Amino acid sequence: MKSWRLIAFVAVVVVQVLLVSTMAVGQQEVLDEGEQVVLATRPVDPRDLFRGDYVVLAYEIGSIDTRIVAWDAPGPGLEQVVWIVLHPEGRLHHPVAVVSTPEYVDQVAIRGVVDGIHDDMVSIRYGIEEYFVPEGRGHEIEQAGTVEVVVAVADDGTPVIDHLLIEGHPWT
């Protein structure tokens, strides 16, 4: 009976390690093979007593004005999955269209989910709105004048934060 419990315990541990490893490998694959884009952002609320220091990032591409950016997808509707086509202008990438599938797009398209709709403004979340930082360093980002985020975008639109740029320089 005791050997059965040991086997069950080892199996549970192995499954947990495999799950965490799979997630980490998937993100590393996006970082290694994804197209890098630089997004304008502004940091908000850098501290949580329970989770430690992190920065909530409010991206320029998080609010899409449908009068300016072409909405070539049905809707918009809450929780709708869309791809935002990005075009480089200087160092930064800006939204030029919203599509329902990235298959015919020859530019970088980042996947997001419609989070809110107010008149012509559509809020999109990408899953990269929080960036954890070493304890005590969140205020450095909050007080910086210019914060940009280098994001790797996989072919399927999955975004992963690579690093932050503070005043144009990599933040470590």
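Residues numbered from 1 in each chain as written. Predicted model: local features only at pLDDT ≥ 70, side-chain atom pairs only at ≥ 80, totals over all residues. Heavy atoms only, no water.

Engineer: Explain the overall build of the chain to me, please; I cannot follow it from the model alone.
Structural biologist: For the chain, the helix and strand inventory stands at two helices and 13 strands. Burial statistics for the chain: of 172 residues in total, 39% are counted as buried. Of the contacts made within the chain by residues no fewer than 6 positions apart, 63% connect residues no fewer than 24 positions apart. Surface exposure of the chain reaches about 10,400 Å², of which carbon and sulfur atoms provide 57%. (Helix = DSSP H or I, 4+ residues; strand = E, 2+ residues; numbered from the N terminus. Buried < 20%, exposed > 50% of the residue type's maximum accessible area, 1.4 Å probe, protein only. Contact = heavy atoms within 4.5 Å. Areas by Shrake-Rupley, 256 points an atom, 1.4 Å probe, with all protein chains shown as cover.)

Engineer: When you look at the environment of Val113 in this model, what are you seeing that I'm missing?
Structural biologist: Examined against the element boundaries, Val113 turns out to sit in strand S8 (residues 109–118). With 10 residues separating them in the primary sequence, Val113 and Ser123 have C-alpha atoms 8.4 Å apart. Contacts of Val113, omitting those with residues within four sequence positions, involve Glu79, Gln80, Val81, Ser123, Ile124 and Arg125.

Engineer: So what exactly am I meant to see when it comes to the pattern of salt bridges here?
Structural biologist: Close approach of charged atoms lets side chains of opposite charge pair. Tallying each qualifying case throughout the model produces five salt bridges. Between Asp65 and Arg67 there is a salt bridge, and its shortest N-O distance comes to 2.8 Å. Between Arg67 and Asp120 there is a salt bridge, with the nearest N and O atoms lying 3.4 Å from each other. With a gap of 53 residues between them, Arg67 in the loop between strand S4 (63–65) and strand S5 (70–72) and Asp120 in the loop between S8 and strand S9 (121–125) connect regions that are remote in the sequence. Arg67 sits in the exposed class, given a relative accessible area of 62%. The structure contains a network of salt bridges with shared partners spanning Asp65, Arg67 and Asp120. (Salt bridge = Lys/Arg side-chain N within 4 Å of Asp/Glu carboxyl O.)

Engineer: Hey, could you run me through the nonpolar core in this one?
Structural biologist: By size, the foremost hydrophobic cluster in this structure holds 33 residues, and its most contacted members are Trp71, Ile84 and Ile124. If we ignore the near neighbours within four places in the chain, the residues touching Ile84 are Ile64, Pro95, Ala97, Val98, Val108, Ala109, Ile110, Ile124 and Tyr126. Among the nonpolar cores identified, the runner-up in size contains six residues, and Trp83, Val85, Val105 and Ala109 belong to it. (Core = buried A, V, L, I, M, F, W, Y, C linked by side-chain atoms within 4.5 Å.)

Engineer: Got a minute to help me understand the pairing of S9 in this structure?
Structural biologist: Along a regular strand, successive side chains alternate from one face of the sheet to the other. Alternating positions in S9 separate cleanly, Val122 and Ile124 being buried on one face and Met121, Ser123 and Arg125 remaining unburied on the opposite face. The pairing of S4 with S9 spans three bridges and is classified as antiparallel. Looking at S9, one finds that Asp65 is bridged to Met121. Where S8 and S9 come together, five bridges link them in antiparallel fashion. Directly across from Gly116, in S9, lies its bridge partner Ser123. (Pairing = 2+ DSSP bridges.)

Engineer: What should I look at first to understand the sheet that holds S4 in this one?
Structural biologist: Note on sheets: strands pair through backbone hydrogen bonds, and any given pair is parallel or antiparallel. Overall, mixed pairing links the six strands, which are arranged S4-S9-S8-S6-S7-S5 in an open sheet. Edge strands, defined here as strands with exactly one partner in the open sheet, are S4 and S5. Across the sheet, the axes of successive neighbouring strands diverge by a mean angle of 45°, strand direction being ignored. Pairing between strand S6 (residues 81–89) and S8: five bridges, direction antiparallel. In the strand pairing of S8, Trp83 is matched with Arg111. (Axes fitted to C-alpha atoms, helices over the stretch in contact; angles between N-to-C directions.)

Engineer: Looking at this model, I keep getting lost on a negative patch on the surface. Mind explaining?
Structural biologist: On the surface, Glu29, Asp32, Glu33, Glu35, Asp155 and Asp156 cluster together to form a negatively charged patch. Ranked by residue count, the leading element in the negative patch is helix H1 (residues 2–33), at three residues. Locating Glu29 in the fold gives a position in helix H1. (Patch = residues over 30% accessible without salt bridge, like charges linked within 9 Å, V, L, I, M, F, W, Y side chains within 5 Å. Lys, Arg positive; Asp, Glu negative; His and termini not counted. Charge placed at Lys NZ, Arg CZ, Asp CG, Glu CD.)

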